[in-house]
Every structure is written in C-alpha cells, then in structure tokens.
Amino acid sequence: MNDRLRDSLRELADIAQPADLYDGAVRRSRRIARREATVGTAAALAALALLASGLWRLPAHEAKEPALGLRSSAPASLAPLPRPTPAVPRNTAAPTHQAAKPPTALVRHKNRPQVAESTAAPESRALADLPGHVFYQQTGADPDVVRMSPDDGAVDTVLPKAPSAVGVSPDGNRIAYAIDGTLLVEPTGGTPEQVATGVNTADQPPAWSPDGDRLLVAAGAPAILQVGSGTLTPLGKQLASGQHFRWSGDGTTLVYATSYCSLKVAAGDSDAAVPVIGDRQPVDNPDGLAACKPTSVDATGQRVTVPLQTTGETGADSPDTADAVVDTVTGDVVSLPIAGSVVGAFFNPDGNLLVRSRKGTRTTLSLFAPDGTLLVQAKEPSELHGLNLLAYTR
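What counts and what doesn't
- Residues numbered from 1 in each chain as written.
- Predicted model: local features only at pLDDT ≥ 70, side-chain atom pairs only at ≥ 80, totals over all residues.
- Heavy atoms only, no water.
- Helix = DSSP H or I, 4+ residues; strand = E, 2+ residues; numbered from the N terminus.
- Polar contact = N/O pair within 3.5 Å; in protein donor to acceptor, adjacent residues only side chain to side chain.
- Contact = heavy atoms within 4.5 Å.
- Buried < 20%, exposed > 50% of the residue type's maximum accessible area, 1.4 Å probe, protein only.
- Salt bridge = Lys/Arg side-chain N within 4 Å of Asp/Glu carboxyl O.
- Pairing = 2+ DSSP bridges.

> Just give me the short version of the side chain of Ser248, but keep the residues and values in it.
Its place among the elements puts Ser248 in the loop between strand 12 (243-247) and strand 13 (253-257). At a separation of 2.6 Å, a polar atom in the side chain of Ser248 contacts the side chain of Asp250. Non-local contacts of Ser248, meaning those with residues more than four positions away in its chain, are made with Pro210, Thr253, Val297, Asp298, Ala299, Thr300 and Gly301.

The following block contains the structure:
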C-alpha cells in the first residue's frame, strides 16, 4: 500500500506546474485598488454636484420633536384622520352659526306690511250673522252706490250715478253728496235735502260724526256742519291745510292727511303727526310708505284704515279703497290674521273692523271686534266682486 501511495505522488508531481503565489497576490491587490478608486471618484463627483446646486443649505428652522405628552402609545389606525377645525382669527366676528338667534319672528322693517302667521277661527261663518250694512260703489265716474244687508242677503242700489264723493251716515240710512257745490243729504229711498252750499268734495268727502248730527266738509276751509241747522264752524287754523278728515268712533279725535300724504291726529288742542307714514327720510321710512286718504278710524283714534301707497304718488293718483290698517301711535302697519290679500277695510263707529279679502276667485268678509276677536267670516255674494268697499255701518 505504501508503494502505491509513493507511485501516485510521483505522478502528481510530474503533472503539477510551478505557481508564483506572490504575483497572484499582487494582481489581486491591484484590482481591489482600482475598484475603490472608481467608487471614490463617483462620490467626489456627486459631492461636487451637490455643492453646485445649493441643496446643501440647511432649512431655517429645525423640526422640533413633539412633546412627550402629545405622543400616543395606541396602535396606528387606518381610519382617515379628522379634518382640523380652522382657527377663528383674532379681532374678527365669530361665524354666524356660533351666535344663534332665538326662534322669533323674522327681522323686518317695522313699517313693512306684515303677513299674518296664521288665520283666526271665526265664531260664525254665516253671512246672516254679520250685523249692520255694507256699502259698495262701482269704479269709474258716476258710480252706483250699493247697499248689502247681510241679515237677508239683499243687494240694493241706493244712489245711482253718484255725482261726487259720498259719505254714508253711521246708521246707514242717509247719504251725503254734492252737486255743483250744493251739499245734499238723501235718506235711502227718500228725497234729498239741501243742507249747505259752497262745498267741495274733491279733497274732503262728507264725513259723518259718530252721532250722525254733524258733517265735516270743505267749504273754503275744513268746517263742521250742523246738519239740522246748516251752521258751519271752521276748524282751527292749524287744521286749515288738512284733508280727508275722519272722526274716531268716540267723537273726540280727528285723523287726517296732509298735502304730502302723511297722517296727523288732532285731539283737543294737540295735533300730532303719525310716525313713519309719509316721512321723506329713508332712514325713518325705508319702505317709502304714505297715505293720502284715510277712510275710517276706530273708536279711540289709535287705528286708521288707509289706501297704502308710496311717497312718490300724489293724492290725486292714490286709490280710494283702504287696503291697510295703520297704528296712529307707532306708524306700524297692523298685521291682520286672514288669508289672501286685503281689498277693503273699514271701521264702524263702535270700533268693529270689517276686512274684505280675496284669495283666488273667492272674496271673504271678516268682522273683528275691538279686542281682535274674529266674530264672523263669510263668503261675499258673487254679484259684489266687481265693486269697491265704501263703508260699514251699524
């Protein structure tokens, strides 16, 4: 066995070639040096590029580490993060939703016509329960004057082709009008009687006193006529320029219009303007409301019915039928709890208010007591729809 091992080693020695280990080590070291030189050159070139671009500059403020108390130890969540609430800048008003208003009525100009929030429930819906008489007249020149008696529903023409503006007595039994300056009083269905001359009804229709004994007329100047005797007593000088005078139901107060369509209240020695109405200052009358022709006054003089208009209109252009109720103390337009639009309103001497309203093709008569109670609300007869409300009497 030892002989075979020696023979094998001899054969390997004959085949093997001599190798220089030193030269191999040198070559390997040179290859490593070349690679390191290449890497160092690339790093140097990158550093030069960074310096040239200016990106080497540090930010002005270093990021601060969050306070320990704000760190969370909870596991991360995949839910979307909540949106941050924008901060309210200092010295600015808070958003409107942060200052909620109480649930009250909408803010309005105080003199804007008000819309009722709800309608009232009447004590009766029967036309026959409406007391007194309702007077109407046609539109245009020479109108017929018509009386409707609710108790039986009768509609009668009581003055055909009225020659002037008319005044109906508080009991509904007499009508005053003028022909060529002559004032006549005619019982309904009777013979007219001459009571005065030199009367002009253009700016002052005959206005009856609540007791039915006197008429306020324009005879050169506003004056009070005693119907029985024909005696004329001019009003005071402070009232000489007034027009469309109307008596309160208790006879103590006169409400009238001025030439510039504002309202005034005369009682005893006082003569006070109704606020807002007719005021030419926009800051005081932002809606420009005016009233040139008051048509009736309640029992105390605190409310008046008027055809509401604007300050740009003149008395000659204003309508004759009242469509609003004005508070003479505040100048506010009174809200009426009815449906539809008001096409007529009239106080009788007792202070009851008759309101004529229209909604669609239906016209309704509503009677309110002085305390605001809705006494009657009934459908108006269709034959009266084309006429204007003229008066409401006992």
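> Before we move on, can you summarise the environment of Ser164 with the specific residues and values?
Within the secondary structure layout, Ser164 lies in the loop between strand 3 (154-159) and strand 4 (167-168). Judged by its relative accessible area of 16%, Ser164 falls in the buried class. Taking the C-alpha atoms as reference points, Ser164 and Asn200, separated by 36 residues in sequence, lie 9.2 Å from one another. When neighbours within four sequence positions are excluded, Ser164 is seen to be in contact with Tyr177, Ala178 and Thr201. Among the polar contacts listed, one links the side chain of Ser164 to the backbone nitrogen of Ala178, at a separation of 2.9 Å.

> Lay out the pattern of salt bridges with the relevant residues and their values.
Inspection of every chain in the model, using the stated rule, returns four salt bridges. Close ionic contact of Arg394 with Asp350 constitutes a salt bridge, the shortest N to O distance being 3.3 Å. Of this pair, Arg394 sits in the segment after strand 25 (388-393) while Asp350 sits in the loop between strand 21 (341-347) and strand 22 (353-359), and the two are 44 residues apart along the sequence. You can call Arg394 partly exposed: its relative accessible area is 38%. Where Glu380 meets Arg356, a salt bridge forms, and the shortest distance between an N and an O atom there is 2.9 Å. Taken together, the positions of Glu380 in the loop between strand 24 (374-379) and strand 25 and Arg356 in strand 22 put the pair 24 residues apart, joining distant regions of the chain. Grouping residues by exposure puts Glu380 and Arg356 together as buried.

> Which residues make up the pairing of strand 6 (residues 182-187), and what values do they have?
Of all the six residues making up strand 6, five are buried; the element is thus mostly covered by neighbouring parts of the structure. Where strand 5 (residues 174-179) and strand 6 come together, six bridges link them in antiparallel fashion. Along strand 6, the bridge assignment pairs Tyr177 with Leu184. Connecting strand 5 to the next strand, strand 6, in antiparallel fashion are two residues, including Asp180 with a positive phi near 50°. As defined by bridge partners, strand 6 adjoins strand 7 (residues 193-196) across three bridges and the pair is classed as antiparallel. Residue pairing in the sheet places Val185 in a bridge with Glu193 of strand 7. Here strand 6 folds back onto strand 7 in antiparallel fashion, the turn holding five residues, of which Gly189 has a positive phi close to 80°.

> Could you give an account of the sheet that holds strand 11 (residues 232-234), naming the residues involved and the relevant values?
The four strands are arranged 8-9-10-11 in an open sheet whose pairing can be described as antiparallel. At either margin of the open sheet sits one strand with a lone partner, and together these are strand 8 (207-208) and strand 11. Strand direction decides the pairing type here: strand 9 (residues 214-218) and strand 10 (residues 222-226), joined by five bridges, are antiparallel. Paired with Val217 across the two strands is Ala223, which belongs to strand 10.

> Now, about the side chain of Thr321: what can you tell me, with residues and values included?
Counting through the fold element by element, Thr321 comes out in the loop between strand 19 (308-310) and strand 20 (324-327). For Thr321, the residues in contact, after removing those within four places along its chain, are Pro307, Val343, Gly344, Asn388 and Leu389.

> Run through unusual backbone geometry, naming residues and quoting values.
With a phi angle near 50°, Lys161 is a residue other than glycine that sits in the positive phi range. One can find Lys161 in the loop between strand 3 and strand 4. Exposure remark for Lys161: the relative accessible area of 59% places this residue in the exposed category. For His244, which is not glycine, the phi torsion reads 55° and is therefore positive. Relative to the assigned elements, His244 resides in strand 12.

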